[in-house]
Amino acid sequence: MTDAQEQIYRAADHWDDQGTREWDFDVGGMPQARDLRCDLLQVQSQVRRDERIGRAEAQSARVGECPAEAASGRDDVRCCGPEGYGNKKLLTPDVKRRAVVQAIRDHDVSERRACSLAGLDRSTFQYEKKTGGDEALRERLRALAGERRRFGYRRLGILLAREDHHTNHKKLYRIYREEKLAVRRRKGRKRALGTRRPMTMPSGPNERWSLDFVSDSLTGGRRFRILCVVDDFTREALAVVADFSISGHRLARELDAIIARRGKPKTIVSDNGTEMTSHAIFKWAQDQHIEWHYIAPGKPTQNAFVESFNGRLRDECLNEELFSSLTEARAALTAWALDYNQQRPHTSLGGLAPAVFARNHQQQSAKRSRPASPELRKGSTQRALTTNHKPERKANRLYL
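Residues numbered from 1 in each chain as written. Predicted model: local features only at pLDDT ≥ 70, side-chain atom pairs only at ≥ 80, totals over all residues. Heavy atoms only, no water.

**Some words on a negative patch on the surface**
Line of reasoning, step 1. Where like charges cluster on the molecular surface, the negative patch consists of D315, E320, E321 and E328.
Line of reasoning, step 2. Along the chain, the position of E321 falls in the loop between helix 11 (304–318) and helix 12 (326–342).
Line of reasoning, step 3. Take E321: its relative accessible area is 40%, and that puts it in the partly exposed class. (Patch = residues over 30% accessible without salt bridge, like charges linked within 9 Å, V, L, I, M, F, W, Y side chains within 5 Å. Areas by Shrake-Rupley, 256 points an atom, 1.4 Å probe, with all protein chains shown as cover. Salt bridge = Lys/Arg side-chain N within 4 Å of Asp/Glu carboxyl O. Lys, Arg positive; Asp, Glu negative; His and termini not counted. Charge placed at Lys NZ, Arg CZ, Asp CG, Glu CD. Helix = DSSP H or I, 4+ residues; strand = E, 2+ residues; numbered from the N terminus. Buried < 20%, exposed > 50% of the residue type's maximum accessible area, 1.4 Å probe, protein only.)

**A few points about the packing of helix 11 against helix 12**
Line of reasoning, step 1. Interhelical geometry of helix 11 versus helix 12 gives an angle of 120° and a closest axis separation of 11 Å. Here helix 11 lies oblique to helix 12, going by the angle between them. When the axes of helix 11 and helix 12 are compared, the crossing they make is right-handed. Of the residues in helix 12, those touching helix 11 at F309, R312, L313, E316, C317 and L318 are A332, L333, W336 and Y340. (Axes fitted to C-alpha atoms, helices over the stretch in contact; angles between N-to-C directions. Parallel < 35°, antiparallel > 145°, perpendicular 65-115°, else oblique. Left-handed = near helix turned anticlockwise from the far one by under 90°. Contact = heavy atoms within 4.5 Å.)

**Structural notes on the environment of L156**
Line of reasoning, step 1. Mapped onto the elements of the fold, L156 is located in helix 7 (residues 153–162).
Line of reasoning, step 2. Setting aside residues up to four positions removed in sequence, L156 forms contacts with L141, L144, A145, R148, F151 and Y176.

**Section: the packing of aromatic side chains**
In this description, an aromatic ring pair is defined by two values, namely the gap between the centres and the angle between the planes.
Line of reasoning, step 1. The tally for this structure, following the rule as stated, stands at nine aromatic pairs.
Line of reasoning, step 2. Geometrically, the ring pair formed by F224 and F323 is edge-to-face, given 6.4 Å between the ring centres and 75° between the ring planes. Note that F224 is positioned in strand 2 (residues 223–231) and F323 in the loop between helix 11 and helix 12, a separation of 99 residues in sequence.
Line of reasoning, step 3. What makes F323 buried here is its relative accessible area of 1%.
Line of reasoning, step 4. Where F309 meets Y340, the ring centres are 5.1 Å apart and the plane angle is 80°; that geometry is what we call edge-to-face. Here F309, found in helix 11, pairs with Y340, found in helix 12; they are 31 residues apart in sequence, far enough to count as distant.
Line of reasoning, step 5. By relative accessible area, Y340 is classed as buried at 4%. (Phe/Tyr/Trp six-rings, centres within 6.5 Å; stacked < 30°, edge-to-face > 60°.)

**A word on the environment of R140**
Line of reasoning, step 1. Here R140 shows up in helix 6 (residues 135–147).
Line of reasoning, step 2. With 16 residues separating them in the primary sequence, R140 and L156 have C-alpha atoms 9.8 Å apart.
Line of reasoning, step 3. Apart from residues lying up to four places away in sequence, R140 is in contact with L160, E163 and H165.
Line of reasoning, step 4. Within polar-contact distance, the side chain of R140 engages the side chain of E163 at 2.7 Å. (Polar contact = N/O pair within 3.5 Å; in protein donor to acceptor, adjacent residues only side chain to side chain.)

**A look at the pattern of salt bridges**
Line of reasoning, step 1. For the structure on display, the rule yields 18 salt bridges.
Line of reasoning, step 2. Across the pair D106 and R105 runs a salt bridge whose closest N-O atoms are separated by 3.3 Å.
Line of reasoning, step 3. The partner of D232 in a salt bridge is R208, with the nearest N and O atoms 2.7 Å apart. Of the two residues, D232 sits in the loop between strand 2 and strand 3 (237–243) while R208 sits in strand 1 (residues 208–217), which places them 24 residues apart along the sequence. The same class applies to D232 and to R208, which are both buried.

**A look at helix 12**
Line of reasoning, step 1. The end-to-end C-alpha separation of helix 12 is 24 Å, in line with the 24 Å expected for 17 residues at 1.5 Å each.
Line of reasoning, step 2. Within helix 12, burial applies to L326, A329, A332, L333, W336, A337, Y340 and N341. The buried residues of helix 12 occupy an angular sector of 160° when the element is viewed end-on, so they sit on one face. Pointing more than 90 degrees away from the buried face of helix 12 are the exposed residues T327, T334 and L338. (Expected span 1.5 Å × (residues − 1). Arc of directions from axis to C-beta.)

Printed below as a string of structure tokens:
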């Protein structure tokens, strides 16, 4: 073996020679092989642990349970008392009073002991509340808050004092909060708020109108919108207007056209769409002196009349025909609305068409308001003044 080969083999056999891994620690505390004689063997004894140590831990690890996680003590370590830590603290006297009553009833403890546990004085527990009899004050406060929607409790208190409803400002604020009359902060741009009074069923034509929008598309895929206006009493379709875009100004013009041929309504009901809450509609409703009622967000059932009309329109017209142009859609909608008002029977109107029902109601109203002739009024007066009516028996029938 040459000297070069010996150097190569030596570098492969030893770890700390130059050109190798150069690990700078003593492996296992044993001397290197190069420092020993060739006739000595490196013997490393095997360290064996007692088999009994760790056997129980190994068996429990196989089961999947760690002995260190075993519960030490009671099962309800996290609970403190019958209610535990998860419940809220007893902060207010009313909550403490209810806790004392529950402790006396369920756990059979004395009143003194229950009050001590709840941190409540016995005098406070035994105190009986006195009703102030403020029903009239609450009713008047709700009425004023409905009229003055942007007034807080201080200004409302001034108005109440003018009406001889004198009360403490702290009591007034408590009632104000209990009735949930706090003024909401307006966010974003100014929108029309409308009336918040509860709606009642209409008793005649032009008493309440409802309006909403329906969307559809042409055969080419372009979307268009349909404005639907319905009289809630007669169920007549007052307007079915189709266009690609209907703004607040366009909506005001369409309502003016309906008023020109039919008359002005008392109330108009709609949802909170951008067209109905625009500045144009806000100004139009003020100029026309018409109450505009907005339904609650996410409650389409509050505008049920026009929603029902929208369902009939989509089922009987929009889903039955295809429109290639806006002109064709307008013609089809006009024909369907005319048939809806004149011919289509309405189940809620006793099977009559809306226009027929409106004419019958107008005729009945005219008969009720028409004054009677002088002869009829005289005869009815004579019959009313005559008190002695003798019954006459003819053909086994009694006539009065």
